[in-house]
Amino acid sequence: MQVRAEAMLQLLGDHQGPGDAALQSTYSPRDPLAEYLQGRISTRQLRVLVEGLPTDSAFHRAHRDTDWQDSDWIARDTNSIMRVLLYTVQSALSKSAVPKPDLLPAPVVEPTEQDEADAEYLAQQRAEMAVVEAGWFVNN
C-alpha cells in the first residue's frame, strides 16, 4: 500500500487535489485513485488515465502558470490576428499612415512568495560561487 501511495504521489506531483478532481470528473462514476490504492488497476493504467485527462481539466490548469483555458488563448490569438489583418488592409488602402494596432496582452502571472524565495536563494548561490571562483583563480 505504501509503495502504491508513493507511486501515486509521484505521478500527480504537487497537484494531488486537482488531479483527483480531474480524474473523478472525467471518469465518473469511477474513482481511479481509490481503484489504484485498492489494487484494482495498475500503475500503468492509472498513468494512462492521468495522461488522458482533457487539457482543460483541473489537473492541467494546475500545471499552467495561468488559469486561462485553451479557448481563452485561441480567442486572444484570433483577436490579435484579426487586428494585424485589418491593419494590413488599412495600410494598403490608405494614403496616410495607419497606427499599428494594440494587441491584447497575455495574462500576467504575479510573483509569489515562493518565487521571491527562490530568487533570493539563487542570488545567494551566485554570490557564494563568485567568492569560490575568485579564490580559485587567485590560487591557480
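Residues numbered from 1 in each chain as written. Predicted model: local features only at pLDDT ≥ 70, side-chain atom pairs only at ≥ 80, totals over all residues. Heavy atoms only, no water.

Looking at this structure, I do not really get the overall build of the chain. What am I missing?
When you go through the chain residue by residue, the secondary structure sums to 7 helices and 0 strands. Listed by position from the N terminus, the elements making up the chain come as α-α-α-α-α-α-α. Among the 140 residues that make up the chain, the fraction classed as buried is 15%. Of the roughly 10500 Å² of accessible surface on the chain, 57% is carried by carbon and sulfur atoms. (Helix = DSSP H or I, 4+ residues; strand = E, 2+ residues; numbered from the N terminus. Buried < 20%, exposed > 50% of the residue type's maximum accessible area, 1.4 Å probe, protein only. Areas by Shrake-Rupley, 256 points an atom, 1.4 Å probe, with all protein chains shown as cover.)

For this particular structure, what's the right way to read the nonpolar core?
Across soluble globular proteins, you tend to see nonpolar side chains buried next to one another. With 13 residues, the main nonpolar core has Leu23, Leu46, Val50 and Leu53 as its most contacted residues. Contributing elements (two or more residues each) for this core: helix H1 (2-12), helix H2 (16-27), helix H3 (32-37) and helix H4 (43-51). With residues near it in sequence (within four places) discarded, Leu46 still touches Met8, Leu11, Leu23, Pro32, Leu33, Tyr36 and Ile41. (Core = buried A, V, L, I, M, F, W, Y, C linked by side-chain atoms within 4.5 Å. Contact = heavy atoms within 4.5 Å.)

Any chance you could explain the pattern of salt bridges here in plain terms?
When charged atoms on two side chains of opposite charge get close, those side chains can pair. With the rule as written, the count across this model stands at 3 salt bridges. With a shortest N-O distance of 2.6 Å, Arg30 and Glu35 are connected by a salt bridge. You can call Arg30 partly exposed: its relative accessible area is 36%. On the basis of relative accessibility, which here comes to 10%, the residue Glu35 falls in the buried class. (Salt bridge = Lys/Arg side-chain N within 4 Å of Asp/Glu carboxyl O.)

Just checking my understanding: could you explain H4 for this structure?
Restricting attention to buried positions, one finds in H4 the residues Leu46, Leu49 and Val50. All buried residues of H4 project into a common sector of 100 degrees when viewed along the axis, lining one side. Along H4, the residues that are exposed and aim more than 90 degrees away from the buried face are Arg44 and Glu51. (Arc of directions from axis to C-beta.)

Help me understand unusual backbone geometry, please; the structure alone is not making it clear to me.
Most peptide bonds take the trans form, and the phi angle of most residues other than glycine is negative. Here Ser28 and Pro29 are connected by a cis peptide whose omega angle stands at 15 degrees. As for its position among the elements, Pro29 is in the loop between H2 and H3.

How should a negative patch on the surface be read in this particular structure?
The grouping of Glu113, Asp115, Glu116, Asp118 and Glu120 at the surface amounts to a negative patch. Relative to the assigned elements, Glu113 resides in helix H7 (residues 113-139). (Patch = residues over 30% accessible without salt bridge, like charges linked within 9 Å, V, L, I, M, F, W, Y side chains within 5 Å. Lys, Arg positive; Asp, Glu negative; His and termini not counted. Charge placed at Lys NZ, Arg CZ, Asp CG, Glu CD.)

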